[in-house]
Amino acid sequence: MSKSKPTGVTRREFLKRIAAAGGYAATYQAMAGLGLLTTQSGCGTETLALTEGNGTQVIILGAGVAGMSAAYEMSKRGYSCKIIEARNRAGGRNETARHGTTLQEIDSVQTCNFDNDPGLYANLGPARLPHHHRNVLGYCKEFNIALEIFSNDNRAAFFHDSKAFGGQPVQTKRLLADSRGAIAELFAKTIKKNALDEDMNAEDQEKLLAYLKNFGDLNAQHQYTGSSRAGFKDTVHATMTPGVIQAPLDFKQILTSEFWDYKMHFAEGTDQAATMFQPVGGMDKIVDGFYARVSGLVELETEVLEIRNTMSGVEVDCKNLNTGDTKTLEAKFCICTIPITVLRNIPNNFDTAINVAMTGVTYEKSGKAAFQSTRFWEEQGVYGGISWTDQDITQMWYPASGFHQAQGIIVGAYIWDEAQCVRFANQTPTERIESCKLQGEAIHAGYSRMVKNGITRSWHKMKYQQGAWRTDLPEIPEILQGAIGQVYLAGEHMSMLPGWQEGSIISAQKVMEEISHRVEL
Ligand code: PHE
């Protein structure tokens, strides 16, 4: 992933693109602006304006969140939908591993050996829901899916960078407090040297100094000498004496580290900031919710061999992966949610320009690992949240629920930088697990002996996914955004929110409306 993804620059770019895109995107923005996406149920689909389908046949390729939400909404409105899914389960990248789950990649098979306990699961794909993703939250509400708080931010978790602080993990609260303190002190100095005289009058400079004193927890001389915000040296309140404030971390070392690159403010990104949620018991509760409503329309283990526009509709050749039988399905329209990485290798009779455009679409690879373990991190006061490292594993996620239970699932790697993803993917599952254990030692001594039952997932090694999510840049070519004859592309990759279920649902809404508009004519 581009490290700039969660920053304001990308957000501005995002808003710019919404404005430029017009159509559904502008509508979405306008709806959000008017508060229409926070209707009582919070479900954007309430405002979905679809013409009655009167049996119009729609073939949907892919039973992920985009495909199932389309089938659900369209069949409610009289369209005759059928979903073709290559894998033996619905859900696509929304996949949760628990006791007995088989994890098959193109060159390996793993079995999840977590204990048989509903609290012991790992979300291999999506794992968090932002509070403003009204559509996905709306479906959670509609399907009675219980949610609980998920937190990216944990001041008691760690930041580890092999280039700084002797490679020792540092508590996030120290890094944040000491960064702010150092910045505030430097800024106060520049004010005192009259460097801002041209920009601010004396009164405002006084106010700014007061602001900085609070912002950085500076002393009366506007120096930063450490703060209780960074946590105390030893046990807090062990006796009746006050806690000892630690000396600030060396700011030069903070600058040397990658802390400030994007990790420091990751939890402030629009899509990552509190309040975040997760479904109780696993993200695939969302899959279950949809599947309970559309399973009758889904043909699993059926691979798409070829897609053709015809004079009057669309034909899809497919193969039953169990029997090897092939057949041709016909429909008026096709909603194709197959990731572009896979779709571009499926024969079709689309214009050459469409096929050329597809070759230019890029995906993040992304990989994850998860382990079962006693909750040793809770003994250190770490409840949920993320530790960051400059090692390949990049992130460690502590479980956001089940506190103080005997066992928990720790995400031992969540990788999104290209080189790291490739290194991870190219290992066998056993090698991945061993290397994750080793890297985990840098953050938690003794880690490799405590964690067990490791599982891994590399999304670009999944035959029917071949990637984790579309990279935000370059943008999806315009030529892929409209009708390709009778075929419409949908999925997270066709949205302004690549890598989010919300994006999948919004993209499905867009194509449903476009199809409905053609039915109307
Ligand atoms: N939605 C995914 C996540 O939260 C992937 C993603 C990460 C998408 C960062 C965009 C930015 O991890």
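Right, let's walk through the structure included here. Everything numeric in this text was worked out from a predicted model, so none of it was measured.

Criteria and thresholds
Residues numbered from 1 in each chain as written. Predicted model: local features only at pLDDT ≥ 70, side-chain atom pairs only at ≥ 80, totals over all residues. Heavy atoms only, no water. Pairing = 2+ DSSP bridges. Helix = DSSP H or I, 4+ residues; strand = E, 2+ residues; numbered from the N terminus. Buried < 20%, exposed > 50% of the residue type's maximum accessible area, 1.4 Å probe, protein only. Phe/Tyr/Trp six-rings, centres within 6.5 Å; stacked < 30°, edge-to-face > 60°. Lys NZ or Arg CZ within 6 Å of the ring centre and 35° of its normal. Axes fitted to C-alpha atoms, helices over the stretch in contact; angles between N-to-C directions. Parallel < 35°, antiparallel > 145°, perpendicular 65-115°, else oblique. Left-handed = near helix turned anticlockwise from the far one by under 90°. Contact = heavy atoms within 4.5 Å. Nonpolar A, V, L, I, M, F, W, Y, C, P; charged D, E, K, R; others polar.

### Quick word on the sheet that holds strand S11 (residues 276-279)
Working definition: the strands of a sheet are paired by backbone hydrogen bonds and lie parallel or antiparallel to each other. Strand order in the open sheet formed by three strands is S7-S11-S8, with antiparallel pairing between adjacent strands. With one partner strand each, in any of the chains shown, strand S7 (129-130) and strand S8 (147-150) form the two edges of the open sheet. Sheet analysis places S8 next to S11, joined by four bridges and oriented antiparallel. When the sheet's bridge partners are listed, phenylalanine 150 is paired in S11 with methionine 276.

### Description of unusual backbone geometry
Between alanine 274 and threonine 275 the backbone carries a cis peptide bond, its omega angle lying at 5°. Here threonine 275 is to be found in the loop between helix H8 (259-263) and S11. In this chain, leucine 473 is followed by proline 474 through a cis amide linkage whose omega measures 0°. Relative to the helices and strands, proline 474 resides in the loop between strand S23 (469-470) and strand S24 (487-489). Even without a glycine there, the phi angle at asparagine 54 is positive, about 45°. Inspection of the secondary structure assignment puts asparagine 54 in the loop between helix H2 (23-33) and strand S1 (57-61). By relative accessible area, asparagine 54 is classed as exposed at 68%. The phi dihedral of asparagine 453 is positive, around 50°, even though this residue is not glycine. A residue is classified by how much of its surface remains accessible, and asparagine 453, at 24% relative accessible area, is partly exposed.

### Observations regarding the packing of aromatic side chains
Tallying each qualifying case throughout the model produces 22 aromatic pairs. The interplanar angle of 75° and the centroid separation of 5.6 Å between the aromatic rings of tyrosine 72 and phenylalanine 143 together place this pair among those described as edge-to-face. One end of the pair, tyrosine 72, is in helix H3 (residues 65-76); the other, phenylalanine 143, is in the loop between helix H4 (134-142) and S8, with 71 residues separating them in the sequence. Relative to tryptophan 388, the ring of tyrosine 262 has its centre 5.8 Å away and its plane inclined at 85°; by these criteria the two rings are edge-to-face. In this pair, tyrosine 262 sits in helix H8 while tryptophan 388 sits in strand S19 (residues 386-389), placing the two residues 126 residues apart along the sequence. Exposure remark for tyrosine 262: the relative accessible area of 1% places this residue in the buried category. Against the face of phenylalanine 215 rests arginine 180, its NZ or CZ located 4.3 Å from the ring centre. The cationic tip of lysine 368 hangs over the ring face of tyrosine 414; the distance from NZ or CZ to the ring centre is 4.7 Å.

### What about the packing of H3 against helix H9 (residues 285-294)?
Viewed as axis vectors pointing N to C, H3 and H9 meet at an angle of 40°, and their least axial separation amounts to 10 Å. When the interaxial angle is binned, H3 and H9 end up oblique. Between H3 and H9 lies a crossing of left-handed hand. Contacts between H3 and H9 involve Val65, Met68, Ser69, Ala71 and Tyr72 on the former and, on the latter, Val287, Phe290, Tyr291, Arg293 and Val294. Partitioned by chemical class, the residues of the contact of H3 with H9 number eight nonpolar, one polar and one charged.

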